[in-house]
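A look at the structure
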Amino acid sequence: MKIKKALSVIIAAAMATSCLGFAACTPRDEVLKIYNWGDYINEDLIGVFEDWYKTETGKNITVQYDTFDTNETMLMRIETQKADYDLVCPSEYVAERMINSKLAKKLNKDIFDIDMDTAFYEGLADTIKPFDAHNEYFVPYEWGTFGIMYDTDHITPGSDECKSWSALWSRDWEKNTGKRRVLMKDSVRDAYSVALLYQNRDALYAASEGFTNYHTEEYQSLLTSFYSNVTAKSIEAAQKTLVAQKPAVYKYEVDNGKEDMLAGTTDAWLAFLWSCDVLLVMIDGGGDHFYYEVPEEGSNVWLDGWIIPKYAKNEKAANYFLKFINTHEYAKKNFEYLGATLPLRSVMDEVREEIEAETTTGETDWKEFFDSFDPDYRNEFKAMLIDTLFPPAEVLARCGVMRDCGLKKSVDLASMWIDVKTY
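Residues numbered from 1 in each chain as written. Predicted model: local features only at pLDDT ≥ 70, side-chain atom pairs only at ≥ 80, totals over all residues. Heavy atoms only, no water.

**What about the overall build of the protein?**
Applicable threshold: Helical segments are the DSSP runs of H or I of at least four residues, strand segments are the runs of E of at least two, and each set is numbered from the N terminus. Only C-alpha atoms enter the radius of gyration, while the globule expectation follows 2.2 Å times N to the 0.38, with N the number of residues. Contacts: residue pairs with any heavy atoms within 4.5 Å of one another. Residue-level accessible areas treat just the shown protein chains as cover; the underlying method is Shrake-Rupley with a 1.4 Å probe. Residues scored as charged are limited to Lys and Arg (positive) and Asp and Glu (negative), so that His and the chain ends carry no count. Here the site of a charge means atom NZ of a Lys, CZ of an Arg, CG of an Asp or CD of a Glu.
A count of helical and extended segments in the protein gives 19 helices and 14 strands. What you see for the protein is a C-alpha radius of gyration of 21 Å, in line with the 22 Å of a compact globule of 423 residues. Expressed as lengths along the three principal axes of its C-alpha atoms, the size of the protein is roughly 65 × 50 × 40 Å. Within the protein, residue pairs in contact and separated by at least 24 positions form 78% of the contacts whose partners lie at least 6 positions apart. Split by element, the accessible area of the protein, about 17,400 Å² in all, is 49% carbon and sulfur. Averaging the coordinates of the 45 positive side-chain charges in the protein and doing the same for the 71 negative ones gives two points 6 Å apart.

Here's what the structure looks like:
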């Protein structure tokens, strides 16, 4: 977790550029083309995989590694341009779309022979069942929650003000300054969902008996509707709510907001972030002045994973890569770089033991890490970090899973989001 990730992005870009030229004169069955989110793998593992593949198969392989910044960008490349990639890493709702649209190829269980029901984090396989009932197409890679990260130099840790999504709409942060303080994720489905959670907070409060019982049928039905039942009415309602938020928004961002907050190069005090970004700031960046909340109204369990696209030309290498990246040794090295929640249960159980006992994970000495914090804040931060990395049952109970809403509604949502940002 000590690797400088900004440098790795440059390395990835250079790797992608050089491999493009190399791939043109290399037999296609000796090239594995991966299309992944930026900054989403330990780059050292690319070379390790190439050597491992040679040992496993006796064949040469070179990885061409390209990156994207949104699900929609990746899907357009596959769906409309028929891009030749062997592995892509969509989020759950796009994976569902690819499977239902027959844009995904089945896994080769003779190569990728991991039983996801037993090897992966408890309950994770059940999250996949609605769109991949028999674990035939989708392999989880990273997962977590989304919520609010805020700067404790300006907002008190554990503050009641940030336990609700209303914090992202509040203009109280600009008192006496005139400055907007909120970073909003430039991601249409996430923004839409959060707008509905905020807009319906009174109904969610009543359905959950004052945010004390998230297991009621009424609450679960209402929460699920925000992630699966996209209608013209709900899009219109979300648009109005998101437009009303604009006076509080410092900017819409995809990936650099967390770095801006960490570096102190933004006036924003709080941001809507995925938990993986939060962990990156807190663990790898040394962000000891940040705190993370999953708001009480409810939230989302996001899940990114691997799909072999319809137009893949090297399924064999793709399946071997999935086996490799889910082998304990290499998954652990990947965690040590990413610092995010991975699906492999054996790795995450080991990591949790190391954090709680304050021993060492890779290059990170957890005791030294926690000892660097203010003594009055140390234990509170440690507990918050563990809950972010390993979402407890009471948090997961108020988290829905995003579902594919179909092509027409996806277009309508995209149009709505453009209108919001240009209003």
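There is more to say after this.
**A word on the pattern of salt bridges**
Charged atoms that come close allow side chains of opposite charge to pair. As a reminder, the rule being used: We define a salt bridge as a side-chain nitrogen of Lys or Arg found within 4 Å of a carboxyl oxygen belonging to Asp or Glu. Exposure classes here rest on a 1.4 Å probe applied to the protein chains alone. A residue is buried below 20% of its type maximum, exposed above 50%, and partly exposed in between.
All chains considered together, the criterion is met by 27 salt bridges. For the salt bridge of Arg 97 with Glu 79, the shortest nitrogen-to-oxygen distance reads 3.0 Å. Of this pair, Arg 97 sits in helix α4 (residues 92-100) while Glu 79 sits in helix α3 (residues 71-79), and the two are 18 residues apart along the sequence. A residue is classified by how much of its surface remains accessible, and Arg 97, at 8% relative accessible area, is buried. Take Glu 79: its relative accessible area is 28%, and that puts it in the partly exposed class. Ionic pairing is found between Lys 240 and Glu 236, a salt bridge with its closest N-O pair at 3.7 Å. With Lys 240 and Glu 236 both in helix α10 (residues 232-245) and 4 residues apart, the pair spans about one turn of that helix. Exposure remark for Glu 236: the relative accessible area of 47% places this residue in the partly exposed category. Via salt bridges that share partners, Lys 185, Glu 253, Lys 258, Glu 259 and Asp 277 belong to a single interconnected network.

**Observations concerning the sheet that holds strand β3 (residues 87-88)**
Rules: In this analysis, strands are considered paired if DSSP registers two or more bridges between them. Here the axes come from fitting lines to C-alpha atoms, over the contacting stretch only for helices, and the angles between their N-to-C directions go from 0 to 180 degrees.
Strand order in the open sheet formed by 3 strands is β2-β1-β3, with parallel pairing between adjacent strands. The outermost strands of the open sheet, each flanked by one partner alone, are β2 (62-68) and β3. Most of the contacts of helix α2 (residues 44-57) go to β2, to which it runs at about 150°, and overall it touches β1 (31-37) and β2. Sheet contacts for helix α13 (residues 315-325): β1 and β3; angle to β1, the most-contacted strand, approximately 55°.

**Some points on unusual backbone geometry**
Look at Lys 102: it is not a glycine, yet its phi comes out positive at around 60°. As for its position among the elements, Lys 102 is in the loop between α4 and β4 (104-105). Of note, Asn 135 is a non-glycine position whose phi angle comes to about 50°, a positive value. Relative to the assigned elements, Asn 135 resides in the loop between α6 (124-128) and β5 (139-151). When its relative accessible area of 6% is taken as the criterion, Asn 135 is described as buried.

**Thoughts on the packing of aromatic side chains**
Note the following rule: Note on ring pairs: Phe, Tyr and Trp rings are taken, using the six-membered ring of Trp, and paired if centres are within 6.5 Å. Classes follow the plane angle, with under 30 degrees stacked, over 60 edge-to-face and the rest tilted.
Counted according to the given criterion, the structure contains 34 aromatic pairs. An angle of 40° between the planes, with centres 5.7 Å apart, marks the rings of Tyr 150 and Tyr 291 as tilted. Note that Tyr 150 is positioned in strand β5 and Tyr 291 in strand β9 (residues 290-293), a separation of 141 residues in sequence. Just as Tyr 150 is buried, Tyr 291 falls in that class too. An aromatic cluster is present here, built from Tyr 40, Phe 49, Trp 52, Tyr 53, Tyr 141, Trp 306, Tyr 320, Phe 321, Phe 324 and Tyr 330 joined pairwise through their rings.

**Describing the pairing of strand β10 (residues 299-306)**
Where burial is concerned, most of β10 is hidden: 8 out of the 8 residues are buried. As paired elements, β5 and β10 share 6 bridges and run antiparallel to each other. Residue Gly 144 lies in a different strand from β10, and its bridge partner there is Trp 302.

**Here we look at the side chain of Asp 66**
To keep it simple, the criterion reads: By the criterion applied in these results, polar contacts are pairs of N or O atoms within 3.5 Å in which, for protein atoms, one can donate a hydrogen and the other can accept it, and in which residues neighboring in sequence qualify only through two side-chain atoms.
Note on placement: Asp 66 falls in strand β2. Buried charged residue Asp 66 carries no salt bridge. Nearest counter-charge: Arg 77, at 5.9 Å. In this structure the side chain of Asp 66 is engaged in a polar contact, spanning 2.7 Å, whose partner is the side chain of Tyr 85.

From the geometry alone we can't say anything about function, so treat these as descriptive.
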